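Fold and geometry: a report
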Amino acid sequence: MFDEILGLPQHPLIVHAAVILTPLLAVLATVYALAPRTRPVLTWAVAGLAPIVPVSVFAAKQSGDALNEGRFSSASGELGERITEHAGFGTPLLLVALGLGIASAALVYVCRGDRFGRPLVTVVSALTVILAVVALYYVVRAGHSGAVAVWGS
């Protein structure tokens, strides 16, 4: 399912959504958490990206696994090491993207109206910012290691 699109490997095509949308959600959710005045403007962007980012990262990981199995399963030496390093970032990135998506959606929910107290908003905001930083770290590491695997150092 995640192998090819019109004869081309899906991974190089799909990965761009994860590489663009993950940092976008991380930045917007951080601004949403730290700058309450921006919330009316950012609500729909953060709420919309919250489910899209984990789905795009999942698709990137699955297509990468399919590409590895289909074309690089016998890769060894330096190329094999590069591919293994790159693939190693897939699961942590997926988990943190899922956490960021859930935390971002929860942040939007707890910030709407005055149903919840300031302490809960502060805790969810802090969690969202932490997950955003970790997501940025993993998406940069995954993207860089993928570029090194393809293009060399």
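Within each chain, residue numbers correspond to sequence positions counted from 1 in written order. This being a predicted model, a pLDDT of at least 70 is required before a residue's local features are given, and a value of 80 or more before pairs of side-chain atoms are given or counted; all residues contribute to the totals for chains, interfaces and linings. Excluding hydrogens and water, the side-chain figures rest on all heavy atoms present in the structure.

Let us now look at the confidence of the model for the protein chain. The predictor's confidence in any single residue is recorded as pLDDT, a number from 0 to 100. On average, residues of the protein chain score 89 in pLDDT, and 93% of them reach the 70 mark or higher. Here a helix means four or more residues in a row that DSSP labels H or I, a strand means two or more in a row labelled E, and each is numbered from the N terminus. Mean pLDDT values for the elements of the protein chain range from 69 in strand β1 (residues 4-5) up to 96 in helix α4 (residues 90-111).

What follows deals with helix α1 (residues 11-34). A helix is expected to span 1.5 Å for every residue after the first. With 24 residues, α1 extends 34 Å from end C-alpha to end C-alpha; this agrees with the ideal 34 Å at 1.5 Å per step. Buried, partly exposed and exposed residues are distinguished by accessible area as a fraction of the type maximum, computed with a 1.4 Å probe on protein chains only: under 20%, between the cut-offs, and over 50%, respectively. Within the span of α1, buried status applies to His-11, Ile-14, Ala-18, Thr-22, Leu-25, Ala-26, Leu-28, Ala-29, Tyr-32 and Ala-33.

A few words now on the packing of α1 against helix α5 (residues 118-151). Following both chains from N to C, one finds α1 and α5 inclined at 155°, their axes separated by 9 Å at the closest point. Put simply, α1 runs roughly antiparallel to α5. For the crossing formed where α1 meets α5, the hand is left-handed. Here α1 contributes Ala-18, Val-19, Thr-22, Pro-23, Ala-26, Ala-29, Thr-30, Ala-33 and Leu-34 to the contact with α5, which in turn contributes Ser-125, Thr-128, Val-129, Ala-132, Ala-135, Leu-136 and Val-139. Amino acid classes used here: Ala, Val, Leu, Ile, Met, Phe, Trp, Tyr, Cys and Pro are nonpolar; Asp, Glu, Lys and Arg are charged; the rest, including Gly, are polar. Per-class residue counts for the contact of α1 with α5 are 12 nonpolar, four polar and no charged. With axes taken as lines fitted to C-alpha atoms, and helix axes fitted only over the stretch in contact, angles between N-to-C directions fall between 0 and 180 degrees. Comment on the angle field: the value is read as roughly parallel under 35 degrees, roughly antiparallel over 145, roughly perpendicular from 65 to 115, and oblique elsewhere. The crossing is said to be left-handed when, going from far helix to near helix, the turn is anticlockwise and less than a right angle, and right-handed when the turn is clockwise. The contact rule is simple, with two residues in contact once any of their heavy atoms fall within 4.5 Å.

Relative to each other, helix α3 (residues 77-87) and α5 sit at 160°, their axes nearing to 8 Å. As the angle between them shows, α3 and α5 are arranged roughly antiparallel. For the element pair α3 and α5, the recorded crossing hand is left-handed. Contact residues: Leu-79, Arg-82, Ile-83, Glu-85 and His-86 in α3; Arg-141, Ala-142, Ser-145, Gly-146, Val-148 and Ala-149 in α5.

Judged by nonpolar contacts, the single largest core of 34 residues is most densely connected at Leu-25, Tyr-32, Val-46, Val-57, Leu-100 and Leu-107. Of all the elements in the fold, those that place two or more residues in this core are α1, α2 (39-71), α4 and α5. In terms of residues, this core owes the most to one element, α4, which gives 10 residues. Once you skip the residues sitting within four places of it in the chain, Tyr-32 turns out to touch Thr-38, Arg-39, Leu-42, Thr-43, Val-46, Leu-107, Val-108 and Cys-111. In this description, a nonpolar core means a group of buried Ala, Val, Leu, Ile, Met, Phe, Trp, Tyr and Cys residues linked to one another through side-chain atoms lying within 4.5 Å.

Once that is clear, we can look at the pattern of salt bridges. Any carboxyl oxygen of Asp or Glu within 4 Å of a side-chain nitrogen of Lys or Arg constitutes a salt bridge here. Taken as a whole, this structure holds two salt bridges when the rule is applied. For Asp-65, the salt bridge is made with Lys-61, and the minimal N-O distance between the two is 2.9 Å. Of this pair, Asp-65 and Lys-61 are both found in helix α2, four residues apart, which corresponds to roughly one turn of the helix. Judged by its relative accessible area of 28%, Asp-65 is partly exposed. In this structure, the salt-bridge partner of Arg-141 is Glu-85, at a minimum N-O distance of 3.6 Å. With Arg-141 in helix α5 and Glu-85 in helix α3, this pair connects stretches of sequence that are 56 residues apart. In this structure Arg-141 comes out as partly exposed when scored by relative accessible area, which is 31%.

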